[in-house]
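A structural walkthrough
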Amino acid sequence: MTSVLYDVPGPRARRRNLVLAIATVVVVAAVVGFVLWRLTLTGQFAASKWSVFTYTTVWAQIGTMLLNTLKAFAAAAVLSLVLGFVLAIGRLSDHAWVRIPATVVTEAFRAVPVLVMMMILYYGLPSLGIKMEPYWAVVIALMVYNGSVLAEALRAGVESLPRGQREAGFAIGLRKSGVMTLILLPQAIRAMLPVIIAQLVVTMKDTALGFLITYHELLYYAKLLATQPGRPILQAAFVIGGIYIVMCLLLSWLAHWIEKRGRRSPKNPVAGPHEPAADDEATLTEVISMQVSTGTRIRDAKTDH
Amino acid sequence: MDVIFENLDLWTEGISLTLLVFFFGGIIAIVLGTIVGAMRVSPVPIARAVGALYVNLVRNTPLTLVFFFFAFGYSALALPNLSNTVLGILAIGVYTATYVAETLRAGINTVPVGQAEAARAIGLPFGQVMTQVVLPQAFRSVVPPLMSVLIALLKNTTVAAGFSVAVLPALQSTVSNSHNRPGTPMEVLLWAAAVFVVLVLLLTWLQRTLENKWRIAR
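Residues numbered from 1 in each chain as written. Chains lettered and ligands numbered in written order. Predicted model: local features only at pLDDT ≥ 70, side-chain atom pairs only at ≥ 80, totals over all residues.

Per an unreviewed UniProt entry, chain A goes by the name Amino acid ABC transporter permease and belongs to Microbacterium nanhaiense. Checking UniProt for chain A, the heading Subcellular location (unreviewed entry) contains the comment "Cell membrane". According to UniProt, the comment filed for chain A under the heading Sequence similarities (unreviewed entry) is "Belongs to the binding-protein-dependent transport system permease family." (UniProt positions renumbered as here; feature names shortened; annotations may be inferred.)

This is the structure in structure tokens:
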């Protein structure tokens with residue numbers, strides 16, 4: 001186990017590590033213990049606080065709300081992928097009249113917080129005489145925000161491909177559309193798949209914002225449960241939180257699996273040794289995933305041969 | 001323009017509260033994130049496990065739910081009362097810390113192991129390996145994504161509006177609930193969006209400036 005930060009530990013380092021390990025355990029146990037002690041003290045583990053979760057109707061309701069969350073997520077995910085492709089191709093266009101609007105739209109949508117966008121759609125539009133369902137406000141807000149982020153990821157993916165790919169495409173007589181759809185995009189999608197899925201996890205988490213504009217999803221139901229006898233607000237948050245964590249972990253795990261699978265492939269296109277420090281327009285997820293993948297790739301390269 | 005000038009007091013409050021949450025939330029995120037990031041790359045397996053657990057749990061929880069825990073759950077602990085603003089700052093700090101930790105960890109991972117090995121091979125002691133070779137390289141690749149994290153943090157401050165902290169988007173309900181304040185919800189929200197666009201552009205500009213300043217030719 002050699003890391004860039006430290007060498008294989010010797011006897012002294014091992015002793016020091018043991019002390020640090022014990023200190024970590026003590027600190028974590030103290031924090032967890034304190035919280036548990038406060039929770040017990042205020043009777044959060046009493047059966048009456050958890051009794052709502054013994055009713056089938058409650059779980060049926062949770063199922064309905066989960067379905068609502070997933071419905072918003074699915075629509076937002078599909079629509080944002082579509083928008084992402086449109087904006088990415090728009091930004092890569094040779095025509096200024098396509099490129100400039102696409103750039104402005106992407107940058108503007110990326111800068112406006114999702115919640116503000118949702119509120120504009122839900123509270124703002126009625127003052128223009130347009131009534132919008134909370135569902136569509138959630139879906140459209142998530143679509144424009146994540147769509148523009150995905151567009152940036154796809155564009156970065158296309159631009160990170162070796163120039164020879166495009167040139168070779170033109171050399172064998174493909175048109176611009178052919179070069180884009182047959183050569184550049186498939187490679188860009190593959191290189192960016194982990195980023196795309198990481199962004200979908202963000203989309204999934206952001207559906208919870210719908211709670212603030214009264215969309216009937218999981219978190220909204222948690223708030224509703226909290227008005228039940230015994231006021232089990234923390235308990236509802238724990239149960240609903242657990243559901244969210246499981247859903248997001250499943251998606252993250254999928255992203256990880258796809259990334260590993262892509263790296264194993266002999267046709268691995270790889271965005272080249274991408275330099276995160278030189279990346280000026282990168283989104284958060286994309287830079288992190290690039291860093292992670294280049295970091296591990298460098299290490300793999302070291303151990304593989 | 002009446003929306004701005006007739007409600008100037010609200011806008012001042014909203015913007016300063018947004019910046020306040022951003023500033024203190026950012027400090028908590030960076031301090032806590034550095035600790036967790038250090039744990040995730042430490043030679044102590046148990047510290048790595050704790051760091052990984054924290055990051056995986058919190059990063060897969062929606063920010064709204066983290067706020068939910070702090071805003072409604074904190075009172076269940078029967079601890080001294082804290083204002084909603086403080087709880088909001090804590091929530092956003094705890095949430096963003098996971099992203100800071102991941103960014104730092106990823107930044108350290110971009111430094112090839114060979115760099116440290118070469119440094120050791122020429123006889124540098126641990127302190128110099130860190131300060132002269134590893135950390136300068138890690139720092140440069142961390143700054144741009146760290147700024148992206150802070151930009152995300154700025155945008156996330158809006159969620160606090162849903163938990164009775166009077167940050168910018170909360171202006172909409174204040175204005176529409178009062179009888180004598182001018183402005184439709186649409187106007188208020190569009191101006192709030194414009195403020196965010198300006199702030200984000202400002203941070204993006206800062207990000208680019210810092211990045212060009214520290215760019216390395218490799």
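Now that the structure has been shown, we can carry on.
For chain A, the helix and strand inventory stands at eleven helices and zero strands. The helix and strand sequence of chain A, counted from the amino end, reads α-α-α-α-α-α-α-α-α-α-α. Taking all 305 residues of chain A together, the buried fraction comes to 40%. Counted over contacts in chain A with a minimum sequence separation of 6, partners at least 24 positions apart contribute 73%. (Helix = DSSP H or I, 4+ residues; strand = E, 2+ residues; numbered from the N terminus. Buried ≥ 20, exposed ≤ 12 C-beta atoms within 10 Å, placed from the backbone. Contact = placed C-beta atoms within 7 Å.)

For the rest of this paragraph, the subject is the overall build of chain B. Each helix and strand in chain B was counted, giving nine helices and zero strands. The order of α-helices and β-strands along chain B, N terminus first, is α-α-α-α-α-α-α-α-α. In chain B, buried positions account for 48% of the 218 residues. Across chain B, contacts joining residues at least 24 apart in sequence account for 75% of those joining residues at least 6 apart.

Of the residues lining the interface, 64 residues belong to chain B; the matching set on chain A comes to 66 residues. Residue assignment for the side of chain B that touches chain A shows that the elements contributing at least two residues are helix 3 (45-59), helix 4 (63-73), helix 5 (84-109), helix 6 (113-121), helix 7 (126-156) and helix 9 (185-213) of chain B. The biggest single contributor to the side of chain B that touches chain A is helix 9 of chain B, with twelve residues. Residue composition of the side of chain B that touches chain A, by class: 41 nonpolar, 15 polar and eight charged. (Nonpolar A, V, L, I, M, F, W, Y, C, P; charged D, E, K, R; others polar.)

Here the focus is the packing of helix 3 (residues 56-91) of chain A against helix 6 (residues 134-159) of chain A. Residue and element names in this part refer to chain A. At their nearest, the axes of helix 3 and helix 6 sit 6 Å apart, and the two run at 40 degrees to each other. What the angle tells us is that helix 3 and helix 6 run oblique. As helix 3 packs across helix 6, the resulting crossing turns out to be right-handed. Split into classes, the residues belonging to the contact of helix 3 with helix 6 amount to 18 nonpolar, five polar and two charged. (Axes fitted to C-alpha atoms, helices over the stretch in contact; angles between N-to-C directions. Parallel < 35°, antiparallel > 145°, perpendicular 65-115°, else oblique. Left-handed = near helix turned anticlockwise from the far one by under 90°.)

The subject of this paragraph is helix 8 (residues 176-206) of chain A. For helix 8 of chain A, built from 31 residues, the straight-helix expectation of 45 Å at 1.5 Å per residue is missed by more than 12%, its first-to-last C-alpha distance being only 36 Å. At M192 of chain A, helix 8 of chain A shows its largest bend, some 60 degrees, and a proline, P194 of chain A, comes one to four positions later. (Expected span 1.5 Å × (residues − 1). Bend = angle between axes of the 7 residues up to and from the residue.)

So, on to the UniProt feature "transmembrane region" (unreviewed entry) in chain A. The UniProt record annotates "transmembrane region" (unreviewed entry) at residues 18-39, 72-92, 104-123, 135-158, 179-202 and 233-255 of chain A. Structurally, residues 179-202 of chain A is divided into 100% helix and 0% strand, and its ends, taken at the C-alpha atoms, are 31 Å apart.

A pair of packed helices can be characterised by two numbers: the angle between their axes and the separation between those axes. Residues and elements named next belong to chain B. The interhelical angle for the contact between helix 2 (residues 8-40) and helix 7, taken along N-to-C directions, is 135 degrees, at an axis separation of 10 Å. Classified by the angle between their axes, helix 2 and helix 7 sit oblique to one another. When the axes of helix 2 and helix 7 are compared, the crossing they make is right-handed. Packed against helix 2, whose contacting residues are F22, G25, G26 and A29, the element helix 7 presents L150, L153 and L154 at the interface. Taken together, the residues of the contact of helix 2 with helix 7 sort by class into five nonpolar, two polar and no charged.

Turning our attention to the environment of L203 of chain B. Residues and elements named next belong to chain B. Relative to the helices and strands, L203 resides in helix 9. By the C-beta count within 10 Å, which is 18 here, L203 ends up partly exposed. Spatially, the C-alpha atoms of L203 and A116 are 33 Å apart, while their sequence positions differ by 87 residues. Apart from residues no more than four positions distant in its own chain, L203 is found in contact with M147, L150, I151 and L154.

So, on to unusual backbone geometry. One non-glycine residue, T214 of chain A, adopts positive backbone phi at about 60 degrees. The exposed category is assigned to T214 of chain A, around which 11 C-beta atoms lie within 10 Å. One non-glycine residue with positive phi stands out, namely S164 of chain B, at about 45 degrees. Checked against the element boundaries, S164 of chain B lands in the loop between helix 7 and helix 8 (171-177). Note on S164 of chain B: 14 C-beta atoms within 10 Å, which makes it partly exposed.

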